[in-house]
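In case you want the letters, here they are:
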Amino acid sequence: MAKASKATKKFIASKKLTKKLDQEKIDKKENEKFLKRRGNNYAKSKLLNKTKTLEQIQEDEYRKTKEGQLETRDKDITKRSKVNDAKLSEFFENNSNAEIPKELQRNLPKKKEENDDESSSSEEDGEDVDLDDLKEEDPEFYKYLEDNDKDLLEFNDNALDQFSGSDDDNEEIKTTKEQQQPASDEKIEVTYKMVTSWSESLSKISKKNPNLKLIKTIITAFKASINMNNEEVINDLKFTITDEKAFSKLMHLTLKDLPMTIIEKLEPYTIKKIGNGKTTRILNPKTSTKIGNVLKHHAANLILLIQDIGSDMKMASLVLHSTSLLLPFFLSHRRTLKKLIAAVVENWATTKHLEIQITLFAFLIESCKEFKKAIMLENLLKNLYSSFIKNCATNSNNNLRTANLVNFQKNSMVEIFSLDANLAYQLGFEYLRQLAIHLRNSINAQTNNNTNSKNKIDPANAYKIVYNWQFVHSLDFWSRFLSNACHSESLEDANSSMKELIYPLIQITIGTIKLIPTAQFFPLRFYLIKSLNRLIQSTKIYIPVYPLLQEILNSNIFKKQIKKEDKKLEPFDFQTNIKCNLQYLKSKTYQDGVVEQFIEVLGEFLNCFNKSVSFPELSTPIIISLKRFIKVNSNNIKFNKKLNVLLDKIVKNNEFIESKREDVEFSPSNKTELVKFLSDLDWKLTPLGKYVAIEREIREEREKMILESLEKEEIDNHSDDEEEEEEEEQQDDEEEKEDDESSDDE
C-alpha cells in the first residue's frame with residue numbers, strides 16, 4: 001500500500017469528505033422526490049434514458065441517419081398496406097355484393113416531395129400490377145371496376161408520373177399562381193365612385209355589424225391622401241389618389257362623417273354628469289376596444305393635419321372638432337395622446353392668426369376640463385409655458401398685431417393654469433425661482449461678484465440675461481395669473497396660497513427695472529410698471545410704483561436740449577419694444593412718447609386707489625413732486641400742460657374723497673368698514689376715474705386705426721406677391737415657348 005500524502009491526510013482530518021458524501025446523499029433523495037411528483041414525467045424520462053444499453057444507443061444513432069429514416073418509413077408503409085389489405089379482404093369475404101364504402105373511395109394522394117432515386121426504383125418494382133390475373137381470380141370485382149372506374153383499369157406505368165410531382169410540373173404550377181396573384185407594387189387608385197360607395201356602406205353599420213374592415217380601409221386611404229408628398233409613407237400603402245373631387249369627398253367622409261357615425265350608431269361611450277353642469281365621456285369596454293384599436297392608427301393622420309393647419313380656419317375647425325369627438329379613444333394610448341397635445345400646443349404658440357389660436361385654445365381648455373387626469377395636466381402646463389417662452393422671443397421686431405397674439409397666449413395660459421391651483425403654485429414657485437436666479441447672476445456679473453462662480457459671465461453683456469422679451473413676457477404672464485388667482489373680490493381659500501407668490505414677483509420686477517436706469521430702457525420700465533399696476537388693481541396690494549416713475553422725471557431726457565430732426569420719424573412703439581435705438585434716443589418723438597407713457601402709467605396707478613379712504617394721504621407726496629418738476633422744467637410746455645391736467649384731476653379726487661369721509665362714523669382701525677367704503681360707487685363716477693376712462697377710449701381708437709392700417713398693408717403686400725408670382729410664371733411660359741420654337745427650327 002502506498003502512503004497517503006499530507007494533503008490527503010489534512011483533507012480527511014478536516015471532515016470535508018464526509019460532508020461531501022452526505023451532501024450527495026441528500027441531493028439524490030431530493031431528485032427521487034422530485035421525480036415522484038406529478039407533472040415531472042418529462043424530466044423522469046430524461047433521467048431514465050441515461051440508463052440505456054449500448055445496442056439501444058447504436059439503434060438511436062442509426063435512426064438519425066438518412067438510411068435509418070428511409071428504413072423506418074418503408075416499415076411504416078408496409079404495416080399500413082397490410083392493415084388495409086386485411087380490412088379489404090375481411091370486407092369482401094363478409095359482403096360479396098356490397099358497394100365500396102366512402103372511406104375507401106379516395107383518390108391516390110399526390111406526393112409533395114420526391115424520394116431518393118434508390119427508394120423510388122425499389123417501390124416501382126414492387127408495385128407492378130397484372131390486371132389479367134385479377135380478371136381470372138376475381139371476375140366479379142373486375143366487372144365492378146369496369147362499370148364504375150375504367151380509369152383504374154387503364155392504369156399504367158406512365159400514370160405514376162402524374163402523381164410523382166416532378167420539378168417541371170411544380171414550376172408550372174408556381175408560375176400559374178404567380179400570374180393569378182396581383183403584383184404587390186400595383187396600387188389601387190381611389191376614385192369618386194369608390195368614396196361614395198364607402199360612404200353608403202358606412203351609413204349601414206350598426207352594433208351587430210360594425211364593419212371595422214371598412215373603417216380601416218377609409219383610414220388607410222385617407223393616410224395615403226394626406227401623405228402624397230411623402231414617398232417613404234406612400235410606398236408602404238396600397239392606395240393612391242389623384243382626383244381632386246375624390247380627395248375632398250374623402251376628407252369630408254373621414255373627418256366629419258366617420259366620427260359622427262361611430263358615435264351615433266356604435267355608441268362607444270356614455271355621457272356622465274360630473275357637477276356644475278359639466279359632463280364627461282366614459283367608454284363602453286364591450287364596443288370601444290375593437291374600434292379603439294382601429295382608430296389608434298388614425299391619430300397619426302390627425303397629428304399631421306394639426307401640424308399643417310396654416311391659415312385655413314375652416315380646415316382648423318374641422319380637424320379639431322373631429323379630434324375632440326375621437327379623443328376618448330386616444331386616452332389609453334399615452335404616446336399618441338402626448339404627441340397630439342404637443343402638436344396642438346406647438347401650433348397654438350407659433351400661429352400668426354388669432355382665430356386659429358382661439359380654436360386651438362378652445363380645444364385645449366375643453367379637453368383639460370373633461371379629462372384632467374388622463375391628459376396629464378402637469379406635462380401640458382410645462383409644455384405650454386416652454387413653447388410660449390421659446391416663441392415669444394421673436395416679438396421684439398414685430399408689430400402690434402403679433403403683440404396682441406402674445407397677449408392672448410398669456411390670457412389663455414392663465415385660464416388653463418387656473419384649473420389646478422396646487423399644481424399652478426408648484427410650477428409658479430419653480431419658475432419664479434429661475435427668474436430670480438437669472439436676475440441675481442446678472443447683478444453679480446455687473447458688480448464683479450462672479451469670481452467664485454463656475455460659469456463666468458461677461459459684465460458688458462450681463463444685462464442681456466434679463467433684458468430680453470422672454471424674461472419680460474414671463475414676468476408679465478405671472479402678474480396676469482396672480483392678479484386673476486388672487487383677485488380681492490373672488491378670493492377663495494384654495495387660492496390663498498397664491499398670495500405667497502406675489503411678494504417675490506414684485507421684488508423680481510422692481511429689481512429688473514432698477515438694473516439699468518437709463519433712458520434707453522424706459523420702454524421696458526413702462527412695460528413692467530403696467531404689469532405691477534395690474535396686480536394692484538386686482539389684489540388691492542400697495543406697490544411703491546411712483547418712485548420708479550420719479551426716476552424718469554429726474555433723468556437727463558427732459559434736461560438736455562433736443563436737436564432738430566433731419567427727417568420726421570414715426571412714433572415710437574412702446575408696446576413692441578423694450579429698448580430705444582440711438583436714432584430715437586435724442587429725438588423729440590421719443591420724448592413725446594415718454595411723456596404720454598408717463599401720464600398713462602401714473603393715471604392708471606392712482607386710479608387703482610381712486611375710491612380708497614387713504615387716497616388723499618397717498619396722493620399728497622405725488623402732488624408735491626409734480627408741482628416741483630413743473631417749476632423746474634419750464635422749457636417743455638407740452639409736458640407741463642398734460643401734467644397740470646392730471647394734477648387738477650388728482651386734487652379734485654382728493655376733495656371728493658374728503659367730502660365722503662366727513663360722513664363716516666367708523667374709525668381707521670375698523671378694516672371691514674374700510675373695505676366697504678364707496679364699494680357701491682362705480683370708479684368711472686369719480687373725478688380721476690372719468691379722466692382715465694376717456695384716455696383709455698382714445699388709446700383704444702388709436703390702436704384700432706393702427707391695426708386696420710397694418711391689415712391693409714398685409715393685404716396689399718399679399719396681392720403684390722401674387723402679381724409678381726403670376727408675372728414670373730408668364731415669363732417662364734414665354735421662355736419655354738421660345739425654347740420649343742428654337743428646337744423646332746433646328
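What you see is a predicted model, and the numbers here were worked out from it, not measured in a lab. (Residues numbered from 1 in each chain as written. Predicted model: local features only at pLDDT ≥ 70, side-chain atom pairs only at ≥ 80, totals over all residues. Heavy atoms only, no water.)

Draft legend 1. View of the overall build of the protein chain. A tally of regular secondary structure across the protein chain gives 33 helices and four strands. The proportion of buried residues among the 746 residues of the protein chain is 34%. Contacts in the protein chain between residues far apart in sequence, at least 24 positions, make up 71% of those at least 6 positions apart. Surface accessibility of the protein chain: about 49600 Å² in total, with carbon and sulfur atoms responsible for 49%. (Helix = DSSP H or I, 4+ residues; strand = E, 2+ residues; numbered from the N terminus. Buried < 20%, exposed > 50% of the residue type's maximum accessible area, 1.4 Å probe, protein only. Contact = heavy atoms within 4.5 Å. Areas by Shrake-Rupley, 256 points an atom, 1.4 Å probe, with all protein chains shown as cover.)

Draft legend 2. Looking closely at empty space enclosed by the protein. Following the criterion strictly, the structure yields one cavity of 30 Å³ or more and no others. Considered as a void within the structure, the largest cavity measures approximately 40 Å³ in volume. In terms of lining, the largest cavity is formed by Asp 592, Val 595, Glu 596, Asn 636, Lys 638, Phe 639 and Lys 642. (1 Å grid on protein atoms, 1.4 Å probe; cavity = no way out; pocket = protein on both sides within 12 Å on 5 of 7 lines; lining within 4 Å. Points joined across faces, edges and corners; volume = space filled by probe spheres on them.)

Draft legend 3. Just a negative patch on the surface, in detail. Among the surface-exposed residues, Glu 655, Glu 658, Glu 662, Asp 663 and Glu 665 lie close enough to one another that they form a single negatively charged patch. Its place among the elements puts Glu 662 in the loop between helix 31 (637-661) and helix 32 (671-676). (Patch = residues over 30% accessible without salt bridge, like charges linked within 9 Å, V, L, I, M, F, W, Y side chains within 5 Å. Salt bridge = Lys/Arg side-chain N within 4 Å of Asp/Glu carboxyl O. Lys, Arg positive; Asp, Glu negative; His and termini not counted. Charge placed at Lys NZ, Arg CZ, Asp CG, Glu CD.)

Draft legend 4. Here's a closer look at the packing of helix 12 (residues 192-202) against helix 13 (residues 212-226). Running from N to C, helix 12 and helix 13 cross one another at 145 degrees; their axes reach a closest spacing of 11 Å. For the pair helix 12 and helix 13, the sense of crossing is left-handed. Taken together, the residues of helix 13 that come into contact with helix 12 (itself represented by Trp 198, Ser 201 and Leu 202) are Leu 214, Ile 215, Ile 218 and Ala 221. Across the contact of helix 12 with helix 13, the residue classes break down as six nonpolar, one polar and no charged. (Axes fitted to C-alpha atoms, helices over the stretch in contact; angles between N-to-C directions. Left-handed = near helix turned anticlockwise from the far one by under 90°. Nonpolar A, V, L, I, M, F, W, Y, C, P; charged D, E, K, R; others polar.)

Draft legend 5. Quick peek at helix 12. For helix 12, every residue scored as buried is listed here: Val 195, Trp 198 and Leu 202. Considered in projection along helix 12, the buried side chains sweep an arc of 55 degrees and stay on one side of the axis. Turned more than 90 degrees from where helix 12 packs its buried face, Lys 193 and Glu 200 sit exposed. On its buried face, helix 12 sits against helix 13, strand 2 (239-240) and helix 15 (244-266). (Arc of directions from axis to C-beta.)

Draft legend 6. The nonpolar core, seen in detail. Formed by 162 residues in total, the largest nonpolar core has its most connected members in Trp 198, Phe 417, Trp 478, Phe 481, Leu 549, Phe 598 and Leu 602. Contact partners of Leu 549, with chain neighbours within four places excluded, come to Phe 526, Ile 529, Phe 598, Val 601 and Leu 602. (Core = buried A, V, L, I, M, F, W, Y, C linked by side-chain atoms within 4.5 Å.)

Draft legend 7. Looking closely at the packing of helix 24 (residues 469-485) against helix 26 (residues 522-539). In the contact formed by helix 24 and helix 26, the axes pass within 8 Å of each other and the chain directions differ by 10 degrees. Our classification of the angle between helix 24 and helix 26 gives roughly parallel. From helix 24, Trp 469, Val 472, His 473, Leu 475, Asp 476, Ser 479, Arg 480, Leu 482 and Ser 483 reach across to helix 26, where they touch Leu 524, Tyr 527, Leu 528, Ser 531, Arg 534, Leu 535, Ser 538 and Thr 539. Residue classes in the contact of helix 24 with helix 26 are distributed as eight nonpolar, six polar and three charged. (Parallel < 35°, antiparallel > 145°, perpendicular 65-115°, else oblique.)

Draft legend 8. The side chain of Ser 587, seen in detail. Tracing the chain through its elements places Ser 587 in the loop between helix 28 (582-585) and helix 29 (588-607). Here Tyr 584 takes part through its backbone oxygen, which lies 2.6 Å from a polar atom of the side chain of Ser 587. (Polar contact = N/O pair within 3.5 Å; in protein donor to acceptor, adjacent residues only side chain to side chain.)

Draft legend 9. Region of interest: helix 31. Under the 1.5 Å per step criterion, the end-to-end length of helix 31 is 36 Å for 25 residues, consistent within 8% with the ideal 36 Å. Of the positions making up helix 31, those classed as buried are Phe 639, Asn 640, Leu 643, Leu 646, Leu 647, Ile 650, Asn 653, Asn 654, Phe 656 and Ile 657. (Expected span 1.5 Å × (residues − 1).)

Draft legend 10. Summary view of the environment of Thr 242. Considering the arrangement of structural elements, one finds Thr 242 in the loop between strand 2 and helix 15. For Thr 242, a relative accessible area of 65% gives the class exposed. Sequence-wise, Thr 242 and Val 190 are 52 residues apart; in three dimensions their C-alpha atoms are separated by 7.7 Å.

Draft legend 11. Here's a closer look at the confidence of the model for the protein chain. Counting all residues, the mean pLDDT for the protein chain is 77, and 70% of those residues have values of 70 or more. The element-level mean pLDDT for the protein chain is lowest in helix 10 (residues 159-164), coming to 40, with helix 25 (residues 502-513) highest at 94. Within the model, pLDDT remains below 50 along residues 41-51, and this stretch shows four contacts once partners closer than five positions in the same chain are excluded. Counting contacts from residues 100-129, a segment whose pLDDT is below 50, to residues more than four positions away or on other chains yields 24 contacts. (pLDDT = per-residue confidence, 0-100.)

Draft legend 12. A look at the side chain of Gln 357. Its place among the elements puts Gln 357 in helix 20 (residues 354-370). Within the local environment of Gln 357, its side chain forms a polar contact with the backbone oxygen of Trp 348, the two atoms lying 3.2 Å apart.

Draft legend 13. Looking closely at the packing of aromatic side chains. Inspection of the entire model under this criterion finds 26 aromatic pairs. Between Tyr 431 and Trp 478, the aromatic rings sit 6.3 Å apart at their centres with planes inclined by 35 degrees, giving tilted as the arrangement. Note that Tyr 431 is positioned in helix 23 (residues 421-446) and Trp 478 in helix 24, a separation of 47 residues in sequence. In terms of burial, Tyr 431 and Trp 478 fall into one category: buried. Here Tyr 463 and Tyr 467 contribute two aromatic rings whose centre-to-centre distance is 6.3 Å and whose plane-to-plane angle is 85 degrees, an arrangement assigned as edge-to-face. Taking relative accessible area as the criterion, Tyr 463 reaches 16% and is therefore assigned buried. Given the relative accessible area of 7%, Tyr 467 is considered buried. Through pairs of rings, three or more aromatic residues link up here, namely Tyr 385, Phe 417, Tyr 431, Phe 477, Trp 478 and Phe 481. (Phe/Tyr/Trp six-rings, centres within 6.5 Å; stacked < 30°, edge-to-face > 60°.)

Draft legend 14. How the structure looks around the environment of Glu 604. Within the secondary structure layout, Glu 604 lies in helix 29. C-alpha separation for the pair Glu 604 and Val 692, spaced 88 residues apart in sequence, amounts to 7.0 Å. Ignoring anything within four residues of it in the chain, the contact list for Glu 604 reads Asn 533, Val 692, Arg 696 and Arg 699. Side-chain polar atoms of Glu 604 contact the side chain of Arg 699, separated by 3.3 Å.

Draft legend 15. Focus on the environment of Glu 551. With respect to the helices, strands and loops of the structure, Glu 551 is situated in helix 27 (residues 546-553). C-alpha of Glu 551 to C-alpha of Lys 514: the two residues are 37 residues apart in sequence and 9.7 Å apart in space. Excluding residues within four positions of it along the chain, Glu 551 makes contact with Lys 514, Pro 517 and Arg 525.

Draft legend 16. Here's a closer look at the pattern of salt bridges. Going through the model one piece at a time under the given rule, you end up with 13 salt bridges. Ionic pairing is found between Lys 410 and Asp 476, a salt bridge with its closest N-O pair at 2.6 Å. One end of the pair, Lys 410, is in helix 22 (residues 400-417); the other, Asp 476, is in helix 24, and 66 residues separate them in sequence. As far as burial versus exposure is concerned, Lys 410 and Asp 476 are alike and both buried. Note that Glu 596 is salt-bridged to Arg 702, the shortest N-O span being 3.8 Å. Taken together, the residues Glu 596 in helix 29 and Arg 702 in helix 33 (residues 687-745) connect sequence positions 106 residues apart. The network of salt bridges with common partners includes Lys 530, Glu 600, Glu 604, Arg 696 and Arg 699.

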